[in-house]
Amino acid sequence: MLSRLPDDFTALVTGASGGIGSAVLDALLDSERPGRVIAVSRQNMNRQDARLETLKLDLTQSQDLQRLTEHLNGEPVHLIFNAIGILHADADNLAPEKRLEDLDPDALARVFHINAATAALLLKALLPALKGDHPTIFASLSARIGSIEDNRLGGWYAYRASKAAHNMLLRTAAIELRRLNNQATVLCLHPGTTDTALSAPFQGRVPEGKLFTPAFVAERLLDVMEQRTPQDTGSFWDWEGKSIPW
């Protein structure tokens, strides 16, 4: 697993109680390679592993980002997997827009903040732990639907645009981070349609064989990360290891 990282590497998983985040956490804990694993979630997490630290934080909030910075105390982090994101929220009547008439400024702002700004602000919060000359991978969940070139169906305005913004923020940050640590690799990753709460309302239209388990996606994304090098920093890949156009 992630052979470019040192033995007993430190890993951080955000959104660790969600479907994909939880599966990546499981995969890390199933391996002997990590020496320290930090799981961040808004929910309490009950897991037993001597290497595991659980933090109950809402990283969409600036004060909790600051708490994460303080917890890490500038110690090197070698792997960050960011699984924070939103597509819909029944309690708030938030759903993908099918047409321009559905656009709502508050909903747009919320989706952009969670899907795009939070990923960049997480990188900012982690900067003391990323600077240096140690190998480090920052991988954040994006979506093929955020590809401007690949947009042929329209709709889903906020989600599409927020993921496109996520990609631009991370590509821009990758350029800066390269100057601060030439062993850093920043990646945007498309997991495919995964059987999680995020995709649940839309699974009826997924072709047979294209709805993946979280465990399968975690395995594939870790393999994609294994294949990437610092020369790939600021790039966008799918679960099969294929490059996605911006």
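From a predicted model like this one, the values you see are computed outputs, not experimental measurements.

**Student:** Would you mind showing me how to read empty space enclosed by the protein here?
**Tutor:** Where empty space is left in the structure can be found by rolling a water-sized probe over the atoms. Per the counting criterion, the structure on display carries 1 cavity of 30 Å³ or more. If you add up the space inside the largest cavity, you get close to 50 Å³. Lining the largest cavity are I86, L87, L94, A95, P96, E97, V111, A158 and Y159. In terms of residue class, the lining of the largest cavity is made up of 8 nonpolar, no polar and 1 charged.

**Student:** Is there a simple way to explain the sheet that holds strand 5 (residues 136-141) in this structure?
**Tutor:** Two strands in a sheet stick together by hydrogen bonds in their backbones, pointing the same way (parallel) or opposite ways (antiparallel). One open sheet holds the 7 strands; their spatial order is 3-2-1-4-5-6-7, and the pairing between them is parallel. A strand with exactly one partner marks an edge of an open sheet, and here the two such strands are strand 3 (52-56) and strand 7 (235-238). When the angles between neighbouring strand axes are averaged without regard to direction, this sheet yields 20°. In this sheet, strand 3 lies alongside strand 2 (residues 34-41) in parallel orientation, the contact comprising 5 bridges. Each residue of the ladder has a partner; that of V40, found in strand 3, is L55. Of the strands in this sheet, strand 1 (9-14), strand 4 (79-82) and strand 5 are in contact with helix 3 (residues 105-130), which crosses strand 5 at around 170°.

**Student:** Even after reading the chapter, I still don't get the nonpolar core, so can you show me in this structure?
**Tutor:** Most often, soluble globular proteins have nonpolar side chains that are buried together. One finds L68 and L126 to be the most contacted residues of the largest nonpolar core, which totals 35 residues. For this core, the secondary-structure elements that each account for two or more residues are strand 2, helix 2 (62-72), helix 3, helix 4 (157-180) and strand 6 (184-190). Among the elements that make up this core, the one with the highest residue count is helix 3 (10 residues). Ranked by size, the runner-up nonpolar core spans 33 residues in total, among them L5, F81, L222 and V224.

**Student:** What is the right way to look at the packing of helix 1 (residues 19-30) against helix 5 (residues 214-227) in this model?
**Tutor:** Any two packed helices are characterised by how steeply their axes cross, that is the angle between the axes, and by the distance between the axes. Two elements in contact, helix 1 and helix 5, have axes whose closest approach is 8 Å; the angle formed by their N-to-C orientations is 65°. Here helix 1 and helix 5 pass one another in a crossing that is right-handed. Of helix 5, the residues touching helix 1 (which contributes G19, I20, A23, V24 and A27) are P214, A215, V217, A218 and L222. Considering only residue class, the contact of helix 1 with helix 5 consists of 9 nonpolar, 1 polar and no charged.

**Student:** I would appreciate a short explanation of the pairing of strand 6 in the present structure.
**Tutor:** Successive residues of a regular strand alternate their side chains across the two faces of the sheet. The element strand 6 is largely enclosed, with a buried count of 7 among its 7 residues. What you see with strand 6 is no split at all: A184, V186, C188 and H190 on one side and T185, L187 and L189 on the other are buried throughout. As paired strands, strand 5 and strand 6 are joined by 6 bridges and run parallel to one another. Directly across from F138, in strand 6, lies its bridge partner V186. Across 4 bridges, the pairing between strand 6 and strand 7 is parallel.

**Student:** Explain the layout of surface pockets here, please?
**Tutor:** Estimates place the volume of the second largest pocket at around 170 Å³. Lining the second largest pocket we find A120, L123, K124, L127, L169, A173, E176, L177 and L180. Per element, the largest residue contribution to the lining of the second largest pocket is 5 residues, and it comes from helix 4. Of the residues assigned to the lining of the second largest pocket, the class counts are 7 nonpolar, no polar and 2 charged.

**Student:** What exactly am I supposed to notice about the packing of helix 3 against helix 4 here?
**Tutor:** In the contact formed by helix 3 and helix 4, the axes pass within 8 Å of each other and the chain directions differ by 15°. In terms of axis orientation, helix 3 runs roughly parallel to helix 4. Once helix 3 is placed against helix 4, the crossing between them reads as right-handed. In contact with L108, V111, F112, N115, A116, A117, A119, A120, L123, L127 and L130 of helix 3, helix 4 contributes A158, Y159, A161, S162, K163, A165, H166, L169, L170, A173, L177 and L180. A class-by-class count of the residues in the contact of helix 3 with helix 4 yields 19 nonpolar, 3 polar and 1 charged.

Parameters at a glance
Residues numbered from 1 in each chain as written. Predicted model: local features only at pLDDT ≥ 70, side-chain atom pairs only at ≥ 80, totals over all residues. Heavy atoms only, no water. 1 Å grid on protein atoms, 1.4 Å probe; cavity = no way out; pocket = protein on both sides within 12 Å on 5 of 7 lines; lining within 4 Å. Points joined across faces, edges and corners; volume = space filled by probe spheres on them. Nonpolar A, V, L, I, M, F, W, Y, C, P; charged D, E, K, R; others polar. Pairing = 2+ DSSP bridges. Helix = DSSP H or I, 4+ residues; strand = E, 2+ residues; numbered from the N terminus. Axes fitted to C-alpha atoms, helices over the stretch in contact; angles between N-to-C directions. Contact = heavy atoms within 4.5 Å. Core = buried A, V, L, I, M, F, W, Y, C linked by side-chain atoms within 4.5 Å. Buried < 20%, exposed > 50% of the residue type's maximum accessible area, 1.4 Å probe, protein only. Left-handed = near helix turned anticlockwise from the far one by under 90°. Parallel < 35°, antiparallel > 145°, perpendicular 65-115°, else oblique.

In short, shape yes, function no, at least from these values alone.
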